[in-house]
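# A look at the structure
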Amino acid sequence: MSYIQVDHLRKTFTVRRKREKDSLTREKQQIRALDDLSFGIDQGEMVGYIGPNGAGKSTTVKILSGILTPDSGSVSVGGLVPWESRREHVRHLGVVFGQRMQLWWDVPILDSYSLLKDIYRVPEEAYRKRLDELAEALQLGPLLRTPLRLLSLGQRMRAELCGSLLHQPELLFLDEPTIGLDSVSKLSLREFLQYENQRHGTTILLTTHDMEDIAALCSRVMVLGHGRKLFDGDFNSLLSRYDTARTVLVRYEDAGLVPPLPSPLSFTREGDSLKVVYSPREIPTADLLACLQQAGPIRELIIQPQNIDHMIAEMYREMAL
Amino acid sequence: MKSYLSVFRLRRRMELQYRGAMLGGILCQMFFGLILIAVYRALYDSRPQPFPLSRVVTYVWLQQAFFRMLVASDPDLLDKIRSGGIAYDLCRPLSLYGFYYVRILAQKMMGSLMRAVPMLLFAALLPDGWGISLPASPAGLLLGLTALCLGLLCVSALENITMGITMRTLDPRGIQGMLNLLMMTFCGNILPLTLFPDSWQPVITFLPFAQLLDAPIRLYTGEYLPEFAPRVLALQAGWTVLLVLLGLLLWRRNQKRLILQGG
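These notes cover the structure that comes with them.

Conventions we followed
- Residues numbered from 1 in each chain as written.
- Chains lettered and ligands numbered in written order.
- Predicted model: local features only at pLDDT ≥ 70, side-chain atom pairs only at ≥ 80, totals over all residues.
- Helix = DSSP H or I, 4+ residues; strand = E, 2+ residues; numbered from the N terminus.
- Rg over C-alpha atoms; globule rule 2.2 N^0.38 Å.
- Buried ≥ 20, exposed ≤ 12 C-beta atoms within 10 Å, placed from the backbone.
- Contact = placed C-beta atoms within 7 Å.
- Axes fitted to C-alpha atoms, helices over the stretch in contact; angles between N-to-C directions.
- Parallel < 35°, antiparallel > 145°, perpendicular 65-115°, else oblique.
- Left-handed = near helix turned anticlockwise from the far one by under 90°.
- Nonpolar A, V, L, I, M, F, W, Y, C, P; charged D, E, K, R; others polar.
- Pairing = 2+ DSSP bridges.
- Core = buried A, V, L, I, M, F, W, Y, C linked by C-beta atoms within 7 Å.
- Expected span 1.5 Å × (residues − 1).
- Arc of directions from axis to C-beta.

Across its full length, chain B holds 13 helices and zero strands. Secondary structure elements in chain B, listed N-terminal to C-terminal, are α-α-α-α-α-α-α-α-α-α-α-α-α. Relative to the globule expectation of 18 Å for 263 residues, the C-alpha radius of gyration of chain B, 19 Å, shows essentially globular dimensions. Across the 263 residues of chain B, 44% fall into the buried class. Of the contacts formed within chain B by residues at least 6 apart in sequence, a portion of 82% connects residues at least 24 apart.

See below:
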C-alpha cells in the first residue's frame, strides 16, 4: 500500500440553476466531480496533477486534506483517513490554495508566521532556521514586517507559500502555487520545491495549469478529466505522444526565394520569413533542411519545438474533455 | 492551548489597528448616551419613577461603553466563510469552533475595552445627574467585573452560533439582523431592563441576553445585592456552557456537510 492510497473515490455535487432566464423555478443537477478515482503515491514522490477546468483536481486535494468528505471510496494518507482524523492528519500537511489567503490581512506577515509556529508547535530554534531558509528562497527578507494588505499579488503569493511551508510538512499539496508570480519568483520557487523534495523527502502533489511547472518538477503526472483518471505515468512519454510537430522559420538572403518542399508540406509567409510546420516522423529534419538549402543562401533559421500548452490542449481535445 | 492563546493575542493586536473605528464608535456611543439620558431626565422631570435616576444614568453609560461587546461581527471571519478562505483554517490542527471562538472573544474584549475606558472616564467627569455613579460597594465592583467576564464568554458563544448558521446560509444579514434586534432589546441597550414591568423581570432576566451586560451592571449598581451574586454568576455560567455546547454541535454538523465552492 502506498503512502497516499486512493480507491474508488466518488464525490457528487448538486448544482441548482434556473430553468431559463428570469424563471423562478430551479432545477437541480448532479455533477460528478470525482467518478471512481483510484491512485497511489509513494513517499518522496513529486506528482503533477493536471486536467482542464472543472476536472475535479481541487476536489481531490480538498478530500486528501480532510476538508471534504467523499460520497464513497476510501483514502488513506500515511495510515490515516483524512476526514476522520483531520486534526492529526493536517499536523504534517502543508497546503497552498493559490487563490485563497491564509495570512492575516491587517498584521505584518511575521506575526502571522509566529502564530503558525504556535499552531503547529514548531520549536523556536527550528522555526528561526526554517524562516531564514524560506525567506531567502522566496526573497521575503524586507517584506516580513509589512502588513499583508500592502503587498503586491506576487509578493503575497510568496508570503503565503512561506506560511504553508514553515512547519516543514512531510506532505505538500500545491493548488496553483505559481499564480501571479514573476519569472524570477517562479524559478526560485521551483528550485526550492526541488530542494525540499530531495533534501527532506517531502511528498508533493502539484496541481497547476502551468505546464512549465510540471515539466520542471514532476516526472510523474496524472491527468484528470470529468472526474476520471485518464493518464498516469511519465510526463515525457505523455508529451511524446502529442509532440509530433516542429516549426521551421527560415529567412533567405533574398526574400523572394521559394524553396522546393517535399509534398505534402507547404509554407506560409511571416514577414520576410517562411514558416514550415512538419512532423519529424514523416520527414527527417535533415531532408527538410537540405531542401531549404537548395533554394539559396539562408540568413537565419530557427527550429521550434511544439509549445507545451498546444500539446496539452491537443491532448484534452483528443480525450474529449 | 498555546495555539488558541496565540490566536487570541494576534486578534487582540489586530483590533488595536482600527483606531479610526474606535474613535467613531466612541463619539457615536457618547452621542447615544447623552440623548438617552436627556430622554430619561425629561421623563423623570414630568413623572418621577420609583427607580433612582442616577442608577438609570449609570446603567445607560455602562451599556454604551460596552456596546462593542454586543454587536460587532468580525468581518474577516464572515469573509472567510463567504470566500472559502475557511479552507485554510480547516487545514490546521485546531478545533475550528475553538479557533473562531477565541478570535471572536479577542475582538469583543479588545474592541470594547478600547472604547469603554475613554468613555467611562468621560462619563465620570460629567456633572451629577448626567454622569456615571460609583459602584454600590467594592464587592459590587468586583462581582460586576467577574460577571462582565462571564458575559463576554457568553456573548462570544452566541456570536459563534451566528457564524455557524452563516456557514449554512452563506449570508449573515438575516440572522444578524434578528440577533441584533433581540440583543438591543433584551440586553437593556434600548431601554434598561430594570425599567421593564415587574411581571416581565423573571423572564427577561433569565434569558441569555440579560447575562451579557444587564447582570454585570446590576451587580455594579447594587440592584443585585452581593448575597444574590452566586445565583447570578451561576446562571451566566450555565448559559455560557449551554451556548458553547450548542455551537460545538452546530459546527460539528456543519463540518460534515461542508462544501467549498469553486477551485
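So that's the structure; there's more coming.
Attention shifts here to the overall build of chain A. When you go through chain A residue by residue, the secondary structure sums to ten helices and 13 strands. Its C-alpha atoms give chain A principal-axis dimensions of about 70 × 55 × 50 Å. Burial analysis of chain A (321 residues in total) assigns 36% to the buried set. The long-range fraction of contacts in chain A, counting pairs at least 24 apart against all pairs at least 6 apart in sequence, stands at 71%.

A few words on the packing of helix α2 (residues 19-46) of chain B against helix α7 (residues 96-125) of chain B. All names here are of chain B. The geometry of α2 relative to α7 is characterised by a closest axis approach of 10 Å and an angle of 40 degrees between their N-to-C directions. Between α2 and α7, the interaxial angle falls into the category oblique. By crossing handedness, the relation of α2 to α7 is classed as right-handed. On α7, the residues that touch Met-22, Gly-25, Ile-26, Gln-29 and Met-30 of α2 are Met-114, Arg-115, Pro-118, Met-119 and Phe-122. Looking at side-chain class alone, the contact of α2 with α7 contains seven nonpolar, two polar and one charged residues.

All names here are of chain A. Spatial strand order, β2-β1-β4: three strands in an open sheet with antiparallel pairing. At either margin of the open sheet sits one strand with a lone partner, and together these are β2 (26-41) and β4 (72-77). Each adjacent strand pair in this sheet contributes to an overall mean axis angle of 30 degrees, direction not counted. Relative to β4, strand β1 (residues 4-18) is paired through five bridges, and the arrangement is antiparallel. Directly across from Val-6, in β4, lies its bridge partner Val-75.

Below, the discussion takes up the sheet that holds strand β8 (residues 220-225) of chain A. Residue and element names in this part refer to chain A. Reading across the sheet, the six strands line up as β5-β6-β7-β3-β8-β9 and stay open at both edges, with mixed pairing between neighbours. The two strands at the open ends of the sheet, each matched to only one other strand, are β5 (93-97) and β9 (228-234). Within this sheet the neighbouring strands show an average axis-to-axis angle of 15 degrees, counted without direction. With four bridges connecting them, strand β3 (residues 46-50) and β8 associate as parallel partners. What sits directly across from Ile-50, in β8, is Val-223.

With that settled, consider the interface of chain B and chain A. Listed as interface residues are 23 residues of chain B and, on the opposing side, 26 residues of chain A. Listing elements by their share of the side of chain B that touches chain A, those giving two or more residues are α1 (2-16) and α6 (86-90) of chain B. When residues of the side of chain B that touches chain A are assigned to their parent elements, the largest contribution, seven residues, is made by α1(B).

Most often, soluble globular proteins have nonpolar side chains that are buried together. Residues A:Val47, A:Leu206, A:Val221 and B:Cys154 are the most contacted members of the largest nonpolar core, which totals 140 residues. With 14 residues, α7(B) is the single largest residue contributor to this core. With near-sequence residues (within four places) excluded, A:Leu206 lies in contact with A:Met46, A:Val47, A:Gly48, A:Tyr49, A:Leu174, A:Asp213, A:Ile214, A:Leu217 and A:Cys218. Counting eight residues, the second-largest nonpolar core is a separate cluster that includes A:Val248, A:Leu274, A:Val276 and A:Tyr278.

Further remarks concern the pairing of β8(A). Residues and elements named next belong to chain A. Of all six residues that make up β8, five are buried, and the element is covered over most of its length. Direction of pairing for β8 relative to β9: antiparallel, over a ladder of six bridges. Residue Val-223 lies in a different strand from β9, and its bridge partner there is Phe-231. Hairpin connection from β8 to β9: two residues lie between these consecutive antiparallel strands, with His-226 at a positive phi of about 50 degrees.

Let us now look at the packing of helix α8 (residues 138-169) of chain B against helix α12 (residues 214-221) of chain B. All names here are of chain B. For the pair α8 and α12, the least separation of the axes is 7 Å and the interaxial angle reads 175 degrees. Classified by the angle their axes make, α8 and α12 are roughly antiparallel. Contacts between α8 and α12 involve Gly-140, Leu-141, Leu-143, Gly-144, Ala-147, Leu-148 and Gly-151 on the former and, on the latter, Ala-215, Pro-216, Leu-219 and Tyr-220. Here the residues of the contact of α8 with α12 sort into eight nonpolar, three polar and no charged.

All right, on to helix α3 (residues 109-119) of chain A then. All names here are of chain A. Among the eleven residues of α3, eight are classified as buried, and the element is accordingly described as predominantly covered. Of the positions making up α3, those classed as buried are Ile-109, Asp-111, Ser-112, Tyr-113, Leu-115, Leu-116, Lys-117 and Ile-119. Phi turns positive, to about 50 degrees, at Arg-121, one or two residues after α3.

It is worth spelling out helix α9 (residues 173-186) of chain B at this point. All names here are of chain B. In a regular helix each residue adds 1.5 Å, so 14 residues correspond to 20 Å; α9 covers 20 Å between its end C-alpha atoms and thus fits that length. Looking at α9, one finds that the buried residues are Leu-179, Met-183 and Phe-186. Viewed along the axis of α9, the buried residues span an arc of 90 degrees, placing them on a single side of the element. Along α9, the residues that are exposed and aim more than 90 degrees away from the buried face are Arg-173, Gly-174, Gly-177, Met-178 and Leu-181.

Once that is clear, we can look at unusual backbone geometry. All names here are of chain A. Non-glycine residue Arg-121 carries a positive phi angle of around 50 degrees. Residue position: Arg-121 is located in the loop between α3 and α4 (124-137). Among the residues examined, Arg-121 registers 12 C-beta atoms within 10 Å and is labelled exposed. Its identity as a non-glycine residue notwithstanding, Gln-168 has a phi of 45 degrees, on the positive side.

Right, let's get into the pairing of strand β11 (residues 267-270) of chain A. All names here are of chain A. The sheet contact formed by β11 and strand β12 (residues 273-278) spans four bridges and is antiparallel. Bridged to Arg-269 within β12 is Leu-274. The antiparallel hairpin formed by β11 and β12 contains two residues in its connecting segment, where Gly-271 sits at a positive phi of about 65 degrees.

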